[in-house]
Amino acid sequence: MLTWIKQFLAPPVFQDPEKTRVSRLLNNMLQALLGMTVLAAVALVGMEARSFFRDWTSPVTIVATVAVVLFLRFLMRRGHIQLTGALLSLALVAIGVFS
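Cut-offs used in this document
- Residues numbered from 1 in each chain as written.
- Predicted model: local features only at pLDDT ≥ 70, side-chain atom pairs only at ≥ 80, totals over all residues.
- Heavy atoms only, no water.
- Helix = DSSP H or I, 4+ residues; strand = E, 2+ residues; numbered from the N terminus.
- Buried < 20%, exposed > 50% of the residue type's maximum accessible area, 1.4 Å probe, protein only.
- Contact = heavy atoms within 4.5 Å.
- Areas by Shrake-Rupley, 256 points an atom, 1.4 Å probe, with all protein chains shown as cover.
- Salt bridge = Lys/Arg side-chain N within 4 Å of Asp/Glu carboxyl O.

Caption draft 1: Up close: the overall build of the protein chain. Regarding its fold elements, the protein chain presents four helices and zero strands. When its helices and strands are written in sequence order, the protein chain yields α-α-α-α. Burial statistics for the protein chain: of 99 residues in total, 23% are counted as buried. Of all intrachain contacts in the protein chain linking residues separated by at least 6 positions in sequence, the fraction that spans at least 24 positions is 61%. In the structure as shown, the protein chain presents an accessible area of about 7,000 Å², 71% of it carried by carbon and sulfur atoms.

Caption draft 2: Structural view of the pattern of salt bridges. Taken as a whole and assessed by the stated rule, the structure comprises one salt bridge. A salt bridge links Arg-21 to Glu-18; the nearest nitrogen and oxygen atoms lie 2.6 Å apart. Taken together, the positions of Arg-21 and Glu-18, both in helix 2 (residues 17–47) and three residues apart, correspond to about one turn of that helix. Judged by relative accessible area, which is 43%, Glu-18 ranks as partly exposed.

Caption draft 3: Looking closely at the environment of Ala-64. Inspection of the secondary structure assignment puts Ala-64 in helix 3 (residues 57–77). The exposure class assigned to Ala-64 is partly exposed, which follows from its relative accessible area of 37%. In this structure the C-alpha to C-alpha distance between Ala-64 and Ile-95, which are 31 residues apart in sequence, comes to 9.3 Å.

Caption draft 4: How the structure looks around the side chain of Thr-65. As for its position among the elements, Thr-65 is in helix 3. Thr-65 sits in the buried class, given a relative accessible area of 6%. Thr-65 has contacts with Leu-33, Thr-37 and Ile-95, leaving out every residue within four places of it along the chain.

Okay, here's the thing in structure tokens:
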């Protein structure tokens, strides 16, 4: 199982060194965003255990962010590096505006 986790978290490697470099940077950003989202979910549940599920915006934002990160990781692994970068920028703006 540890091998599977390492492979899942590892950035994709391409023949083009520039594409590999950009994918490594995107992978780091996506991992950081996913980690911050998980920490935010744990903090929200810990601080507001009773009111967490009454206010629907926090759980929806967390689930949407995790879904977007997983989708962007899928695109990155398929080789769509520029599209992933553009969508990550758009997602970060949307998360900042709508949350």
